[in-house]
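The residues making up each chain are set out below.
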Amino acid sequence: MKMSAGAKFALGALMIVGSVGYLMASGIKQTGQYFLTPGELSRKIADDPSFYNTGMKVGAHVVRGTVSRDVASQTLRFQISDGTANYPVVFHGLPPDTFNDSVEVVVEGRLKSDGVIYATNVLAKCGSRYEAVPKA
Amino acid sequence: MTILGTLALWVAFLLAIFGAVVGFLGGWKDRADLKRSARNAVFAMFGAMATAVFALEWALFHHDFNVEYVAAYTSRNLPIFYTWSALYAGQKGSLLFWATVLSLFGSLAQLLTAPRHRVYLPYVTGVVSTVAAFFILVMLAAANPFDRLAYTPLDGGGLNPQLQNPGMVFHPPMLYLGYISMTIPFAFAIAALLSRRLDSDWLVAIRKWTLVSWLFLSIGLVLGMWWAYVELGWGGYWAWDPVENAALLPWLTMTAFLHSVMIQEKRGMLKKWNLALVIGSWLLSIMGTFITRSGVISSVHSFTQSSVGYYFLVFLVGAAIASFTLYARRLPLLEAESRLESMVSREATFLFNNLLFVGIAFSVLWGTLFPILSEAVEGTKVTVGPPFFNQVNIPLGLGLLALTGIGPLIAWRRASLPNLRRQFAVPVTAGVFAMLLLLVIGMRDLSPMLTVGIGSFVVATVIQEFVRGTRARHRQYGEATALALARLVARNRRRYGGYVVHAGIVVLFIAFAGMAFKTETEATLRPGESATVKSPYGWTYTFTHLGISQYDQLNRQVTAATIEIRRNGKRVGLLTTEKRQHVDGLGRPTFQPSTAVGIRSDPLEDLYVVLGGVVNGTEQAVLRFTINPLVWWVWYGGMIVVLGGLIVMWPGGTPAVKRTQAGYAVRLVAEK
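Quantities reported herein were computed from a predicted structural model and do not represent experimental measurements. (Residues numbered from 1 in each chain as written. Chains lettered and ligands numbered in written order. Predicted model: local features only at pLDDT ≥ 70, side-chain atom pairs only at ≥ 80, totals over all residues.)

1. Some words on the overall build of chain B
Phase 1: When its secondary structure is counted, chain B shows 20 helices and 10 strands.
Phase 2: Relative to a compact globule of 672 residues, whose C-alpha radius of gyration would be 26 Å, chain B shows 27 Å and is just as compact.
Phase 3: In terms of overall dimensions, chain B has a C-alpha envelope of 85 × 70 × 60 Å along the principal axes.
Phase 4: Counting only residues that meet the buried cut, chain B has 52% of its 672 residues in that class.
Phase 5: Intrachain contacts of chain B at a sequence separation of at least 6 include 73% that bridge at least 24 residues. (Helix = DSSP H or I, 4+ residues; strand = E, 2+ residues; numbered from the N terminus. Rg over C-alpha atoms; globule rule 2.2 N^0.38 Å. Buried ≥ 20, exposed ≤ 12 C-beta atoms within 10 Å, placed from the backbone. Contact = placed C-beta atoms within 7 Å.)

2. Here's the deal with the overall build of chain A
Phase 1: Summing up its helical and strand segments, chain A has 2 helices and 7 strands in all.
Phase 2: The linear arrangement of helices and strands in chain A, starting from the amino end, is α-β-α-β-β-β-β-β-β.
Phase 3: Looking at chain A as a whole, 32% of its 136 residues are labelled buried.
Phase 4: Taking as baseline every contact in chain A between residues at least 6 positions apart, the subset at least 24 positions apart corresponds to 45%.

3. Some details on the nonpolar core
Phase 1: The biggest cluster of nonpolar side chains holds 195 residues, and the ones touching the most others in it are Ala12, Phe135 and Phe188 of chain B.
Phase 2: Considering each element in turn, this core owes the most residues, 21 residues, to helix α9 (residues 201-232) of chain B.
Phase 3: Setting aside its immediate chain neighbours within four residues, alanine 12 of chain B contacts Met45, Ala48, Met49, Ala52 and Ile136 of chain B.
Phase 4: The next biggest cluster of nonpolar side chains, apart from the first, holds 22 residues, and it includes Leu76, Phe78, Val89 and Ile117 of chain A. (Core = buried A, V, L, I, M, F, W, Y, C linked by C-beta atoms within 7 Å.)

4. Here we look at helix α19 (residues 632-649) of chain B
Phase 1: Compared with the 26 Å implied by 1.5 Å per residue over 18 residues, the 26 Å span of α19 of chain B between its first and last C-alpha is a close match.
Phase 2: Buried within α19 of chain B are the following residues: Trp633, Val634, Gly637, Gly638, Val641, Gly644, Gly645, Ile647 and Val648 of chain B. (Expected span 1.5 Å × (residues − 1).)

5. Section: the interface of chain B and chain A
Phase 1: If you look at the interface, chain B gives 64 residues, while chain A gives 39 residues.
Phase 2: Considering each element in turn, the side of chain B that touches chain A owes the most residues, 11 residues, to helix α13 (residues 346-378) of chain B.
Phase 3: Taken together, the residues of the side of chain B that touches chain A break down into 30 nonpolar, 27 polar and 7 charged.
Phase 4: Relative to strand β1 (residues 381-383) of chain B, strand β1 (residues 33-36) of chain A is paired through 3 bridges, and the arrangement is antiparallel. Note on β1 of chain B: the bridge partner recorded for glutamine 33 of chain A is threonine 383 of chain B. (Nonpolar A, V, L, I, M, F, W, Y, C, P; charged D, E, K, R; others polar. Pairing = 2+ DSSP bridges.)

6. Some details on the sheet that holds strand β6 (residues 570-582) of chain B
Residue and element names in this part refer to chain B.
Phase 1: Read from one edge of the open sheet, 5 strands run β3-β4-β5-β6-β7, paired in antiparallel fashion. The sheet is open, and its two edges are formed by β3 (530-534) and β7 (594-596), each paired on a single side. Between one strand axis and the next, the sheet turns through 30 degrees on average, direction left out of account.
Phase 2: Summarising the sheet, β6 and β7 pair through 3 bridges and their orientation is antiparallel. Bridge pairing in β7 places lysine 579 opposite threonine 595. (Axes fitted to C-alpha atoms, helices over the stretch in contact; angles between N-to-C directions.)

7. Quick look at the domain arrangement of chain B
Phase 1: For chain B, the assigned domains read domain 1 (1-159), domain 2 (167-334 + 350-385), domain 3 (386-516 + 637-671) and domain 4 (518-632).
Phase 2: Placing a centre on the C-alpha atoms of domain 1 of chain B and another on those of domain 3 of chain B gives a separation of 42 Å. (Domains from an automatic or database assignment.)

8. Describing helix α2 (residues 38-47) of chain A
Residues and elements named next belong to chain A.
Phase 1: Buried residues of α2: Pro38, Glu40 and Leu41, and no others. When α2 is viewed along its axis, its buried side chains cluster within an angular range of 155 degrees and face the same direction. In α2, the exposed positions angled more than 90 degrees off the buried face are occupied by Ala46 and Asp47. (Arc of directions from axis to C-beta.)

9. A closer look at the packing of helix α6 (residues 121-142) of chain B against helix α8 (residues 183-195) of chain B
The relative placement of two packed helices is expressed as an angle between their axes plus a distance between the axes.
Residues and elements named next belong to chain B.
Phase 1: Contact geometry for α6 and α8: axes closest at 8 Å, N-to-C directions at 130 degrees. The angle between α6 and α8 places the two elements in the oblique class. Crossing of α6 against α8: the hand is right-handed. Residue-level inspection shows Tyr123, Val124, Val127, Val128 and Val131 of α6 in contact with α8, the latter providing Thr183, Phe186, Ala187, Phe188, Ile190, Ala191, Leu194 and Ser195.
Phase 2: Split into classes, the residues belonging to the contact of α6 with α8 amount to 11 nonpolar, 2 polar and no charged. (Parallel < 35°, antiparallel > 145°, perpendicular 65-115°, else oblique. Left-handed = near helix turned anticlockwise from the far one by under 90°.)

10. Some details on the confidence of the model for chain B
All names here are of chain B.
Phase 1: Residues with a pLDDT of 70 or more make up 95% of chain B, whose mean pLDDT is 88.
Phase 2: Ranking the elements of chain B by mean pLDDT puts helix α20 (residues 659-671) last with 41 and α19 first with 95.
Phase 3: The low-confidence segment residues 654-672 (pLDDT under 50) makes 14 contacts with residues lying over four places distant or belonging to another chain.
Phase 4: We note a pTM of 0.90 for the whole complex and an ipTM of 0.83 for its interfaces. (pLDDT = per-residue confidence, 0-100.)

11. Structural notes on the sheet that holds strand β9 (residues 605-614) of chain B
Residues and elements named next belong to chain B.
Phase 1: The strand order across the open sheet built from 4 strands is β2-β10-β9-β8, with neighbouring strands paired in antiparallel fashion. Whereas interior strands pair on both sides, the edge strands pair on one side only; in this sheet they are β2 (519-525) and β8 (598-601). Here the strands of the sheet are splayed against their neighbours by 15 degrees on average, with no regard to which way each runs.
Phase 2: Two elements, β2 and strand β10 (residues 621-629), share 7 bridges in a ladder whose sense is antiparallel. From the neighbouring strand, threonine 521 faces β10, where its bridge partner is phenylalanine 625.

12. Focus on the confidence of the model for chain A
Segments scoring low in pLDDT should not have their predicted coordinates read at a detailed level.
Residue and element names in this part refer to chain A.
Phase 1: Per-residue pLDDT for chain A averages 82, and the proportion of residues at 70 or more is 90%.
Phase 2: Strand β3 (residues 68-70) is the least confidently modelled element of chain A, averaging 84 in pLDDT, while strand β5 (residues 86-92) averages 92, the highest of any element.
Phase 3: Considering only residues more than four positions removed or in separate chains, one finds that residues 127-136, a stretch of pLDDT under 50, has 33 contacts.

13. Quick word on the pairing of strand β5 (residues 556-567) of chain B
Residue and element names in this part refer to chain B.
Phase 1: Pairing of strand β4 (residues 540-553) with β5 involves 12 bridges; the strand directions are antiparallel. In the strand pairing of β5, serine 549 is matched with alanine 560.
Phase 2: Adjacent in sequence and paired antiparallel, β4 and β5 are bridged by 2 residues, among which leucine 554 carries a positive phi angle near 45 degrees.
Phase 3: What sits between the antiparallel neighbours β5 and β6 is a turn of 2 residues, in which asparagine 568 has the positive phi angle 50 degrees.

14. Things to note about the environment of alanine 99 of chain B
Residues and elements named next belong to chain B.
Phase 1: Here alanine 99 lies in helix α5 (residues 91-112).
Phase 2: Using a count of 30 C-beta atoms within 10 Å as the deciding quantity, one classes alanine 99 as buried.
Phase 3: When sequence neighbours within four positions are dropped, the list of residues in contact with alanine 99 reads Met49, Ala132, Phe135 and Ile136.

15. Structural notes on the packing of α8 of chain B against α9 of chain B
Residue and element names in this part refer to chain B.
Phase 1: Running from amino to carboxyl end, α8 crosses α9 at an angle of 170 degrees, the nearest separation of the two axes being 9 Å. By the criterion of interaxial angle, the relationship of α8 to α9 is roughly antiparallel. Contacts between α8 and α9 pair Ile184, Pro185, Phe188 and Ala192 from the former with Trp202, Ala205, Ile206, Trp209 and Thr210 from the latter.
Phase 2: Taken together, the residues that form the contact of α8 with α9 break down as 8 nonpolar, 1 polar and no charged.

Written out as structure tokens, the structure reads:
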């Protein structure tokens, strides 16, 4: 049986649409991370202890006065809070320029069973006094 | 001057409303007097907006810190270059800039539209005026750049140091110009729908405009990458941040349109698809503005949340409903004039190219909105980051790159086997050869290898096209090679300019692939100490920290580390990287410290050194050394793309395609 060009094209199109869909679904499954507030994190951990040591992101503000930097070993320790729960964070590396003890941060990392979030990445949002970078 | 500014905004607002009403009415009733009034209203609106811009610049240059915007974004010690660009540093000023440029483009559309396309103009005026009215309304209601403070500060807050970079002076306006000029093709699309003149003529009217906005978006994207690379100091140029994605999305759909429009011109197919792409691209550009303004998606770049975002949301939803309702009602007028004849035809490859472009755009949109979507569906936010975008888009991008080479080689309608053999022999050999070469020198990573292989194939197709075209002219007209090449390009600007763009895209892809081999090392060094980093090419770099110097410069205090670089023991140069603390007029610190990256760039690799900080009071420095292969090519690839775009756009040359004739030929064949 000979297929018409239209049918062949539809088949090709279906393959493209299918692979886009597949790549997206598997991408989300493999790389998706929960984005939680400290309050949500503490509830999640209480419900499901296996969530310890799972990669995730936490958005919160830095608790004022808790930032300690050890420049020589490039270690940064601080606490984050959303008003309902607090977590200590440890991060090795260079924090962004905008990081200080009065910013909103997004911490990417894992909560270990000692109750500390070991961050692999810290992103800081600019303070509210100035609008941040318009475009990037 | 703020009174003048606010007054000008009000005048412009009333003119926009008037232009919208009179424009639509004039088109609908076909009344010459109304059409003329609408046209004049657009010119007058541009005059009013230019006055408002003048008023804001006046306030900026005169340091009128009683004006909130001036106080928020400038200071007395800000270099004059950045005082000027503070016009679009903040939200309110950007809105002003938007509306002004829109009214300028609206006026240019009146002046530059060819006489035979003037029938669309009243509706175009109506659409442009409506969009402008919205922007001015947002300013007047929620974000007036001329708002005054209750007191007058002695000095302003100054401009965020990260914006004090030459890239930031040119990058936002380029991106805005791209976004804004997209309104003109959109307006023509709506005009074509309203006037029911849906033959291919309206496409000819917008061809240049779509190229203009595509070109500005491309320049804006490359400049944005450059700015992020040299200023932000994280070691890369693209992070798949929502704000970046928002700019990429309309670029993707516009690029798809620039290809599929050729099918409509040649074969009268894809009319519905093309209209949807034009409308969709414009909606995406508005959505981009909404995402960046509203803070609904957490982004490092996001603005403080403000009510402005919700104006945009309402406008976006309203515009989407209005445009697609109109579109749906006109669907019966958009039937294709011919059908796909073969899978092995240029049409088919263009269709696949379009599907891939839209597929990529969809995945980027989906990934960007995923936190909102997952929260709505499951109650918890799930985010996806660069790994998701890379995982999805590397295969799709490679498929697209392959089509870049395949498309131009395949004949329209139906390609024959000998034709395919003649066209593909050399390029395929080149691609396979390049991959074998990489295997021999020890490369084992699949996607960079495929990128180089497919890239070589595409470049070979481009060279083959140029060589064949030049030879043909040489034989036919006896022209010398150089003259034949120049005339070949000059007489077929669209085709050969397009090939140049393709070559630039290959360069970009290969440069992107280079980032797979990025290496990063952090070290805390005392003066005299060194760090050793192995480069992906096998060289050993030794970075020696020579010492810290501190000095004042312009509006900042600089702490600079000087690094000596040795490659395999041989000295290749010095690099400095700075930590800058910006200060106000009284020498007090403002903003957080910012970083000036030390970059040593050559075609093979970039050495990228960031000073993280200095251990209290000593000269011990925390440094990050990054080696980024092939970054140099991102900027030059971007330039090639822009050059190709300019060749395509250059006025004159390409005669308008005679669609009727093409359609006639097609029908003859179909009847056999």
